[in-house]
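Each chain, letter by letter, is given below.
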Amino acid sequence: MLVCRSWHQLVIGTPAFWTFLWIGAGTPPRDVEGKQLRAVLERSSQLPLSVMLAPERIERLIHFPNVQEALGDHLKRVETFSLVRMERKRQNIPSTRDIELLLRHPLPSLKRLNVDRFKISYTGYSWSDRLRITIDSPQLEELSCHYHFIIPQSPLHLISISLCSVDSPTDSLTPKSIDFPLLLDLRLTTCDVATLLPAFITPSLRRLFIDENVQRIPTAPSLRPYPTLEELRWSDEGPDPTFSALLPLCPNLIRYSNYQIGDEDSEEFWEIDTPMTLLDALSHQSEDNHGPSTSSWPKLEEVLLDVGKCDDVFALLDAIPSIKRVRILRSLTEGSEKEAEQREASLLQSLRKRVDIVFGQDPWGANPGAYLGEKEAA
């Protein structure tokens, strides 16, 4: 019993054990009662806090005010704040106004904000089920928003942004352009890329990931240069004027992929039967320049493609001679007639003399010598 009491006192008296708050995960109303929250917050002393809040699991008229009151001035200590989605929902969940009032408090220590696609209730204040607000968090470094759009009033310290299914900012609360001077990583998933990219000023951007551009415009938007961009991933869904406009603005681009790294085993690649959009973009640039000049093309070194064939890679190397490594997950000639496969194997032998080319998930430098009948061609 003495040992148990000693351990109990040790845990109660150690502030570091009380710096993580998971509000709404348990069985309401116990974990959202103001008294319980205040006790945890007092035990955390003045240490930085990490708060995970599930609005869909908190009743808005009684329990949410308790949460807001208990957090109160302690929000100034929050370094990581996550608004998460829960499968099991309560009735009478918080509204847009409720969340806005909570986030209206200054968050001077906040460095990481994660906003999931949680549901909010409609009120007379707002008939939208999307949050679109600015917050006072001058030290914010990492921002991730799914469906809702929350952005700091002063985004000068942001180094990473990830937006998924976010409407383009068109209201009066959001300026037409936003300066992110230190931003290194930008990920846009199922977003209107042609609207967001011109609105974001990102002079230091290193990595840009675009997955599913939901709205393609017939003409290319006006984009700023990306002098520091080194890695570009743009999901290949056919010719895209925005992609074509972006490519010549990235003079120091080293790595390009047209599929999401980690999805190499996806069955979707077996349904693709069209060449890479990169070739289409390069051909349009040649036409615009009235010749084969490569002065405006990036000095790529590594290219990762979902599907392709040797003829495509030869054309790519002719356009961008700096390429050193090419990965193709699936050859477009697989399953073709024997003559076509033998021709591909013969081209592959010549291609290997110019570039390190691998297929599937083989490691760089792999040369099995038997791909597509390569031995027979030899």
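Along every chain, residues carry numbers that run from 1 in the direction the sequence is written. Local features in this predicted model are restricted to residues whose pLDDT is 70 or higher, and side-chain atom pairs enter the listing and the counts only when it is 80 or higher, whereas totals over whole chains, interfaces and linings include all residues. As a rule here, side-chain values come from all non-hydrogen atoms in the structure, and water together with hydrogens is ignored.

Q: For this particular structure, what's the right way to read the confidence of the model for the protein?
A: Low-pLDDT stretches of the model should not have their predicted coordinates read in fine detail. As a per-residue measure, pLDDT tells how confident the predictor is, with possible values from 0 to 100. Chain-level statistics for the protein give a pLDDT mean of 83 and a share of 82% at 70 or above. The model gives residues 289-294 a pLDDT under 50, and that stretch makes 5 contacts with residues more than four places away or in other chains. Contact between two residues is taken to exist if any of their heavy atoms lie within 4.5 Å; hydrogens are not considered. Long-range and interchain partners of residues 372-378, a stretch whose pLDDT sits below 50, account for 22 contacts in this model, where long-range means more than four residues apart.

Q: Can you help me understand helix α2 (residues 34-43) in this one?
A: Three or four residues apart is the spacing at which side chains of an α-helix point the same way, because the helix has 3.6 residues per turn. For every residue, the accessible area (1.4 Å probe, protein chains only) is compared with the maximum for its type, and the residue is labelled buried under 20%, exposed over 50%, or partly exposed between those bounds. A helix here means a DSSP run of H or I that spans at least four residues, while a strand means a run of E at least two residues long, and both kinds are numbered starting from the N terminus. Buried within α2 are the following residues: Gly34, Leu37, Val40 and Leu41. Taken down its axis, α2 places every buried residue within 130 degrees of arc, on the same side. Of the residues in α2, the exposed ones pointing more than 90 degrees away from the buried face are Lys35 and Glu42. Packed against the buried residues of α2 are β1 (20-23), β2 (49-53) and α3 (63-71). Immediately beyond the C-terminal end of α2, within one or two residues, lies Ser45, with a positive phi of roughly 55 degrees. Taking the helix axis as origin, the arc is that swept by the directions to the C-beta atoms.

Q: What is the right way to read the side chain of Asp211 from this model?
A: Along the polypeptide, Asp211 turns up in strand β12 (residues 207-213). Note on Asp211: relative accessible area 8%, which makes it buried. Excluding residues within four positions of it along the chain, Asp211 makes contact with Arg187, Leu188, Thr189, Thr190, Arg233, Ser235 and Gln260.

Q: Help me understand the pattern of salt bridges in this model?
A: Once the charged atoms of two side chains with opposite charge are near each other, the side chains can pair. Here, a salt bridge means any side-chain nitrogen of Lys or Arg that lies within 4 Å of a carboxyl oxygen of Asp or Glu. Applying the stated criterion across every chain yields a total of 10 salt bridges. Arg112 is the salt-bridge partner of Glu79, the closest N and O atoms lying 3.8 Å from each other. Remark: Arg112 occurs in strand β4 (residues 112-115) and Glu79 occurs in strand β3 (residues 78-83); sequence separation between them is 33 residues. You can call Arg112 partly exposed: its relative accessible area is 27%. A salt bridge links Asp211 to Arg233; the nearest nitrogen and oxygen atoms lie 2.9 Å apart. Note that Asp211 is positioned in strand β12 and Arg233 in strand β13 (residues 231-234), a separation of 22 residues in sequence. Assessed through its relative accessible area of 5%, Arg233 is described here as buried. Members of the salt-bridge network, linked through shared partners, are Glu231, Arg255, Glu302 and Arg325.

Q: Any chance you could explain the nonpolar core here in plain terms?
A: Most often, soluble globular proteins have nonpolar side chains that are buried together. Take the buried Ala, Val, Leu, Ile, Met, Phe, Trp, Tyr and Cys residues and link them wherever side-chain atoms come within 4.5 Å; each set so joined is a nonpolar core. Phe81, Ile150 and Leu163 are the most contacted members of the largest nonpolar core, which has 91 residues in total. Counting residues per element, this core draws most heavily on helix α8 (residues 310-319), at 6 residues.

Q: Is there a simple way to explain the packing of α8 against helix α9 (residues 338-352) in this structure?
A: Geometrically, a packed helix pair is captured by the angle between its two axes and the distance between the axes. One way to put it is that α8 packs onto α9 with a least axis distance of 9 Å and a crossing angle of 30 degrees. One finds that α8 runs roughly parallel with respect to α9. Residues Cys310, Asp311, Val313, Phe314 and Leu317 of α8 pack against Arg343, Glu344, Leu347, Leu348, Ser350 and Leu351 of α9. Partitioned by chemical class, the residues of the contact of α8 with α9 number 7 nonpolar, 1 polar and 3 charged. Angles here are taken between N-to-C directions and fall from 0 to 180 degrees, while the axes themselves are lines fitted to C-alpha atoms, restricted in helices to the stretch in contact. Small angles under 35 degrees read as roughly parallel and large ones over 145 as roughly antiparallel, with 65 to 115 read as roughly perpendicular and the rest as oblique. The classification used treats Ala, Val, Leu, Ile, Met, Phe, Trp, Tyr, Cys and Pro as nonpolar, Asp, Glu, Lys and Arg as charged, and all other residues, Gly among them, as polar.

Q: It is not clear to me how the packing of aromatic side chains should be interpreted in this structure. Could you clarify?
A: The relation between two aromatic rings is expressed through the spacing of the ring centres and the mutual angle of the planes. Centres within 6.5 Å are what make two rings of Phe, Tyr or Trp a pair, Trp counting through its six-membered ring; a difference in plane orientation under 30 degrees is then read as stacked, over 60 as edge-to-face, and the rest as tilted. Across all of its chains, the model carries 3 aromatic pairs by this definition. Aromatic side chains Phe180 and Phe200 sit 5.1 Å apart centroid to centroid with 85 degrees between the ring planes, which places their arrangement in the edge-to-face category. Separated by 20 residues along the polypeptide, Phe180 in the loop between β9 (178-179) and β10 (185-191) and Phe200 in strand β11 (residues 200-201) bring together distant segments of the chain. By relative accessible area, Phe200 is classed as buried at 3%. Aromatic side chains Trp234 and Phe243 sit 5.4 Å apart centroid to centroid with 55 degrees between the ring planes, which places their arrangement in the tilted category. The burial state of Trp234 is the same as that of Phe243; both residues are buried. Through a chain of ring-to-ring contacts, the aromatic side chains of Trp234, Phe243 and Tyr256 assemble into a single cluster.

Q: Just to check I follow, could you spell out the environment of Leu49 for this structure?
A: Secondary-structure assignment places Leu49 in strand β2. The exposure class of Leu49 is buried, given its relative accessible area of 2%. Here the alpha-carbon distance between Leu49 and Ala16, two residues 33 residues apart in the chain, equals 9.4 Å.

Q: Can you help me understand unusual backbone geometry in this one?
A: Glycine aside, negative phi is the norm for most residues, and most peptide bonds take the trans geometry. Phi at Ser45 takes a positive value of approximately 55 degrees, unusual for a residue other than glycine. Positionally, Ser45 belongs in the loop between α2 and β2. Under the relative-accessibility criterion, Ser45 is labelled partly exposed at 37%. Notably, Ser165 is not glycine yet its phi reads approximately 55 degrees, a positive angle. Residue position: Ser165 is located in the loop between β8 (160-164) and β9.

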